[in-house]
Number of protein chains: 2
Amino acid sequence: MKAIAVERGSSRPTLLDVSEPDPDAGEALLRTLRVGIDGTDHEVVRGNHGGYPVGDDYQILGHEAVAAVEDPNGTGLESGQLVVPTVRRPSTETESNEYFERGEPDMAPDGAYVERGIVGAHGYMSEFFVSPPEFLVPVPDSYAEHGFLVEPISNSEKAFEHAFAARSAFEWTPESALVLGNGPLGLLTLAMLETDSSPFERNYCLGRRDRPDPSIDIIERLGSTYVDSRETPVDGVAEAFEPMDFVYEATGYAKHAFQTVDALAPNGVGALLGIPNDWAFEVDGGRLHRELVLENKALFGSVNSNVGQYEAARDRLAELPDWFLDAFVTGVYAPDEAESAFEASDDAIKTVIEFDTP
Amino acid sequence: MKAIAVERGSSRPTLLDVSEPDPDAGEALLRTLRVGIDGTDHEVVRGNHGGYPVGDDYQILGHEAVAAVEDPNGTGLESGQLVVPTVRRPSTETESNEYFERGEPDMAPDGAYVERGIVGAHGYMSEFFVSPPEFLVPVPDSYAEHGFLVEPISNSEKAFEHAFAARSAFEWTPESALVLGNGPLGLLTLAMLETDSSPFERNYCLGRRDRPDPSIDIIERLGSTYVDSRETPVDGVAEAFEPMDFVYEATGYAKHAFQTVDALAPNGVGALLGIPNDWAFEVDGGRLHRELVLENKALFGSVNSNVGQYEAARDRLAELPDWFLDAFVTGVYAPDEAESAFEASDDAIKTVIEFDTP
């Protein structure tokens, strides 16, 4: 079958012909429909990942997928059912561990998991893959086209959940939110903040692009405000616009983690999702420390997501307007166009590889 | 009546003779028993505070108090009842505001409150004071001696509450805790972590003092481990001892806020309570940001406390062993010894001024 992988020693995606996987007892066989590409996939291609699957010199890419059940293989799934697979699996040395047993693989520490398509396990950019059913979240038949967005949305659902938990010891009624980054995850999160079920009334999205720009068009059509970081840096947002009850960082730019403290309103909370490399710089640590304390501010990091958050993401996806999804998905590629798919143009927002249709 | 105050232009405590306060309707008259001295009082004496009570050129000190109801004045309190007064009051321009109305003055932003004994309102270091009953937390008759500790304990109750809230979106079963600072608030918090009702099993307290030292004796008698920061800096604690599920910062040393990220275990949370001055220094912001994200770590600032947290503190105080309270309170001074009380020796831990006994 066709698979898009990165081979050892290479730093570009390659279309391979690999053998179809054979499901073990307790595993279903899935037929891949679509797999999205995100920043982590680019990192994996560039070689910034933790290791190839045991015994292989290539890593099949992709972790944002929607698939159809090809062979339930006694798992209780129904043939043809659409599903979204989760990313984390117990590490190869163990069958499971406490984090997986209680349904919280997203909270497992480094070493307790592999990640399909990212580190130590093959991803979903192949015509077929296998998985135990507990790592497959059923989605409606109508999700063939955009169901691959359930995975990135679930990461933000987790961040929202942790943000509200962090502020649950008092009455927190947030109104303003700032998304740092107008890349795919930033825009998707902004669209989530603009849904009817969101409590946020005024949303802002920070980027560094000139108009006309399709991401700025999306920001404004959503009803949000575009903040150009070249005019208003993150630590100037509170004064130029308003202090933010919630800041969601999706830039991976380390200074933003610290400037977030300044952007927050009293009692606000910042969620960090970017994964920067080492970078030493100066901060006014005394002032940041003091502001955190005197204004009861909070910061937390968030990675990955659990099945409950995938289910929330499935529901949230249904709330996103059609025009948004149409504008957001800017490229649909066939598997043999993988290299083009990974070379996104400046105007590209979200790129997806289509292996099959239902 | 006698009152210990700092006068405009002075930076030392002075015993004044001021007129007894006259309770307005809705206010009780309280007879002060004991008032503790903490770091904030020293800051106020040194002039680092926001302003004198309107119309006065002096600020009566003290916010850690226990008192007896002298005259209920129709408030429903009982004469002779022991109470602990809370610190924050609505700012002088307003009768109340939403934070006070919902019982969360601790979450009020700067400008929405004054603080008795700290900024804009007289404190409790006087023979009598007045207060509406909603700011008085009843305590048992046995609390005349140590009830003044309810206020500092309540600040840590709030920090504990916010820490558990911040980790309530998943199953968090913390075992290890590190208190940064072996001053009075650090030791008191360590004793709280060592009570039977605390889930923490292994507690550590960081300081920079040589043995023999009374605070180290207390740390070890509590069953905790002393960490000498000159041998093991905060960012070396995880390796030298163990990664910490909870870090409680009570040093006001800004670098500790950032090193806390390194001291934390995956999924851990750090509570910051110190109030440093501006101080610019270099951090590896990229690494700190990345560790927060990949290990789901959290940090938050916490200041002040609400009535519910005073009530929790009242219950917690009953759990602290007698030997601890005896060793912890190292000096009891009369009002006319105020200057000596504020000039604590190296061996002093907690100093209290006794105005009266029940």
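As annotated in an unreviewed UniProt entry, chain A carries the name Glucose 1-dehydrogenase and comes from Halogeometricum pallidum JCM 14848. Per its UniProt entry, chain A bears the Cofactor (unreviewed entry) comment "Zn(2+)".

## Thoughts on the relation of the copies chain B and chain A
For the match of chain B to chain A, the screw axis carries a shift of 0.0 Å, the RMSD comes to 0.0 Å, and the turn is 180°. Expressed as a symmetry operation, the mapping of one chain copy onto the other fits a two-fold axis. Taken as a fraction of all interface residues of chain B, those also at the interface in chain A reach 100%, which identifies the copy contact as same-surface.

## Topic: the environment of A318(A)
Assignment of secondary structure puts A318(A) in helix α9 (residues 307–319). Overall, A318(A) belongs to the exposed group, its relative accessible area being 60%.

## What to know about the packing of helix α7 (residues 254–263) of chain A against helix α8 (residues 285–294) of chain A
Residue and element names in this part refer to chain A. Contact geometry of α7 with α8 gives a least axis separation of 10 Å together with a crossing angle of 50°. Taken together, the axes of α7 and α8 are oblique relative to one another. Like other packed secondary-structure pairs, α7 and α8 cross with a definite hand, here left-handed. For the pair α7 and α8, the contacting residues are F258, V261 and D262 in the first and R287, L288, E291 and L292 in the second.

## Some remarks on the domain arrangement of chain A
All names here are of chain A. Split into domains, chain A comes out as domain 1 (2–144 + 321–354) and domain 2 (153–301). Here the C-alpha centroids of domain 1 and domain 2 sit 28 Å apart. Taken residue by residue, the interface counts 10 residues in domain 1 and 12 residues in domain 2. Here domain 1 meets domain 2 over a buried area of about 1,100 Å², counting both sides, of which 75% is carbon and sulfur.

## Notes on the nonpolar core
Among the nonpolar cores identified, the biggest contains 186 residues, and M125(A), F246(A), F324(A), M125(B), F246(B) and F324(B) are the most heavily contacted of them. Membership of the second largest hydrophobic core comes to 24 residues, among which are F258(A), L272(A), L292(A) and L299(B).

## Considering the sheet that holds strand β2 (residues 14–17) of chain A
Residues and elements named next belong to chain A. Taken in spatial order, the three strands line up as β2-β1-β4 in an open sheet, and their pairing is antiparallel. Each edge of the open sheet is held by one strand with a lone partner, namely β2 and β4 (58–60). Averaged over all neighbouring strand pairs, the angle between strand axes comes to 50°, with direction disregarded. Direction of pairing for strand β1 (residues 2–7) relative to β2: antiparallel, over a ladder of four bridges. Across the sheet, residue A3 finds its bridge partner in β2, namely L16.

## Some remarks on the interface of chain B and chain A
On the side of chain A, 54 residues touch chain B, which itself brings 54 residues to the contact. Interface of chain B and chain A: buried area, both sides summed, is about 4,400 Å²; carbon and sulfur atoms make up 57% of it. For chain B, the biggest contributors to the area lost against chain A are H289(B), V293(B) and N296(B); these three give 14% of the whole. Along the contact surface separating chain B from chain A lie four salt bridges. The closest approach of N and O atoms between R290(A) and D278(B), which form a salt bridge, is 2.8 Å. At the surface where chain B touches chain A, the tally comes to 27 residue pairs in polar contact (both at pLDDT 80 or more). At the level of secondary structure, the elements contributing two or more residues to the side of chain B that touches chain A comprise α3 (150–166), α7 (254–263), β16 (264–272), β17 (280–284), α8 (285–294) and β18 (298–301) of chain B.

## Section: the sheet that holds strand β1 (residues 2–7) of chain B
Residues and elements named next belong to chain B. If you trace the three strands from one edge of the open sheet to the other, you get β2-β1-β4, paired in antiparallel fashion. Each edge of the open sheet carries a strand with a single partner, namely β2 (14–17) and β4 (58–60). This sheet shows a mean twist of 50° between the axes of neighbouring strands, independent of strand direction.

## Thoughts on the UniProt feature "binding site: NADP(+)" (unreviewed entry) in chain A
Residues and elements named next belong to chain A. Under the local residue numbering, the UniProt record ascribes the feature "binding site: NADP(+)" (unreviewed entry) to N182, G183, P184, L185, R208, R209, L273, G274, I275, S302, V303 and N304. In terms of the greatest pairwise C-alpha distance, the residues named above, spread along 123 residues, do not form a single cluster, extending to 28.0 Å across. Locating N182 in the fold gives a position in the loop between β12 (176–180) and α4 (184–193). Among the residues examined, N182 registers a relative accessible area of 13% and is labelled buried.

## Looking at unusual backbone geometry
All names here are of chain A. A cis geometry characterises the amide bond from R211 onward to P212, with omega recorded as -10°. Relative to the helices and strands, P212 is located in the loop between β13 (202–207) and α5 (214–221). Here N304, not a glycine, exhibits a phi torsion of approximately 65°, which is positive. Along the chain, N304 falls in the loop between β18 (298–301) and α9.

## Details of the pattern of salt bridges
A full pass over the atoms with the stated rule returns 52 salt bridges over all chains. A salt bridge links R211(A) to E220(A); the shortest N-O distance between them is 2.8 Å. Given a relative accessible area of 52%, R211(A) falls into the exposed group. Residue classification places E220(A) among the partly exposed residues on the basis of a relative accessible area of 39%. The shortest N-O distance in the salt bridge between R31(B) and D356(B) comes to 2.8 Å. Taken together, the residues span a long stretch of sequence, with R31(B) in strand β3 (residues 28–37) and D356(B) in the segment after β20 (350–354) at a distance of 325 residues. Residue D356(B) is classed as partly exposed on the basis of its relative accessible area, which comes to 29%.

## What about the side chain of S176(A)?
Inspection of the secondary structure puts S176(A) in strand β12. Setting aside residues up to four positions removed in sequence, S176(A) forms contacts with F200(A), R202(A), E242(A), P243(A), M244(A), D245(A) and F246(A).

Cut-offs and rules
Residues numbered from 1 in each chain as written. Chains lettered and ligands numbered in written order. Predicted model: local features only at pLDDT ≥ 70, side-chain atom pairs only at ≥ 80, totals over all residues. Heavy atoms only, no water. UniProt positions renumbered as here; feature names shortened; annotations may be inferred. Least-squares fit on C-alpha atoms with pLDDT ≥ 70 in both. Contact = heavy atoms within 4.5 Å. Helix = DSSP H or I, 4+ residues; strand = E, 2+ residues; numbered from the N terminus. Buried < 20%, exposed > 50% of the residue type's maximum accessible area, 1.4 Å probe, protein only. Axes fitted to C-alpha atoms, helices over the stretch in contact; angles between N-to-C directions. Parallel < 35°, antiparallel > 145°, perpendicular 65-115°, else oblique. Left-handed = near helix turned anticlockwise from the far one by under 90°. Domains from an automatic or database assignment. Buried area = accessible area lost by both parts, 1.4 Å probe. Core = buried A, V, L, I, M, F, W, Y, C linked by side-chain atoms within 4.5 Å. Pairing = 2+ DSSP bridges. Salt bridge = Lys/Arg side-chain N within 4 Å of Asp/Glu carboxyl O. Polar contact = N/O pair within 3.5 Å; in protein donor to acceptor, adjacent residues only side chain to side chain.

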